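Chains, contacts and geometry: an overview
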Amino acid sequence: MDLSDGLNALSEKISQIKNQVQSEEATKNAFIMPFFDLLGYDTRNPLEFVPEFTADIGSKKGEKVDYAIIIDKQTQILIEAKCCKKENLDPHNNQLTRYFTVTNAKIGILTNGIVYKFYTDLEEENKMDQKPFLEIDMLNLRDQDIQELKKFYKESFNIENILSTAEVLKYSNAIKRLFTKQFEDPNEDFINYILGQVYEGRRTQN
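This section reports on the structure supplied with the text. (Residues numbered from 1 in each chain as written. Predicted model: local features only at pLDDT ≥ 70, side-chain atom pairs only at ≥ 80, totals over all residues. Heavy atoms only, no water.)

**Overview of a nonpolar patch on the surface**
A surface patch of nonpolar side chains, amounting to about 430 Å² of accessible area, comprises Tyr193, Ile194, Val198 and Tyr199. In this fold, Tyr199 is placed in the segment after helix H6 (188-198). Its relative accessible area of 41% is what places Tyr199 among the partly exposed residues. (Patch = residues over 30% accessible without salt bridge, like charges linked within 9 Å, V, L, I, M, F, W, Y side chains within 5 Å. Areas by Shrake-Rupley, 256 points an atom, 1.4 Å probe, with all protein chains shown as cover. Salt bridge = Lys/Arg side-chain N within 4 Å of Asp/Glu carboxyl O. Helix = DSSP H or I, 4+ residues; strand = E, 2+ residues; numbered from the N terminus. Buried < 20%, exposed > 50% of the residue type's maximum accessible area, 1.4 Å probe, protein only.)

Structure, rendered in structure tokens:
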């Protein structure tokens with residue numbers, strides 16, 4: 001099974017059982033670990049896919065992020081996991097930010113097993129950006145998303161290649177989200193701009 005087939009099968013599984021998954025631990029086992037299995041990581045190897053990774057923060061000792069991925073003996077990715085019932089992940093990115101600052105990882109992932117938000121430090125070195133450069137929705141999986149996820153496949157993982165495209169992805173995705181929102185619920189400025197480009201008649205509310 002290739003990555004595309006595997007991700008689409010997992011997407012279907014999530015759609016079918018998400019209402020029965022009630023806890024963070026169940027989300028990890030049913031959705032999150034299978035996701036990283038598909039990306040080629042050995043989620044049963046605690047030296048590669050490290051659960052409860054310690055990330056001491058100043059005087060606060062014993063702070064733990066849910067998972068860290070170790071590649072070539074380097075901490076490359078931090079993963080903060082939440083229950084799939086938590087639809088709004090934004091309040092939890094501050095928690096991941098704290099862990100990101102005190103490790104060598106360049107990628108932080110915040111997920112509820114359905115939505116995956118990928119962060120790095122484009123704006124200020126060693127400080128995680130507030131906005132992700134990539135966001136994957138497993139219930140709305142696109143071919144473009146699968147192509148981006150291939151960059152995170154263990155055997156082809158190259159942090160320089162990922163970071164070189166992260167800034168373009170971040171802003172191109174933000175523009176796409178903006179246009180999607182405007183087409184669904186356009187504001188007056190957007191309407192006036194479009195009309196100014198294509199319509200020469202008298203403008204009415206209709």
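**Some remarks on the packing of aromatic side chains**
Counting across every chain of the model gives nine aromatic pairs. Taking the centre distance of 5.1 Å and the plane angle of 80° together, the rings of Phe35 and Phe36 count as edge-to-face. Here Phe36 and Tyr116 contribute two aromatic rings whose centre-to-centre distance is 6.3 Å and whose plane-to-plane angle is 70°, an arrangement assigned as edge-to-face. Highlighted residues: Phe36 in helix H2 (residues 24-38) and Tyr116 in strand S5 (residues 115-119), separated in sequence by 80 residues. For the pair Phe36 and Tyr116, a shared accessibility class is recorded, and that class is buried. (Phe/Tyr/Trp six-rings, centres within 6.5 Å; stacked < 30°, edge-to-face > 60°.)

**Focus on the pattern of salt bridges**
Pairs may arise between side chains of opposite charge once their charged atoms sit close together. Using the criterion set out here, one finds ten salt bridges in the structure. Here Glu80 makes a salt bridge to Lys82, at a shortest N to O gap of 3.3 Å. Connected through salt bridges with shared partners, the residues Glu24, Glu25, Lys28 and Asp66 form a single ionic network.

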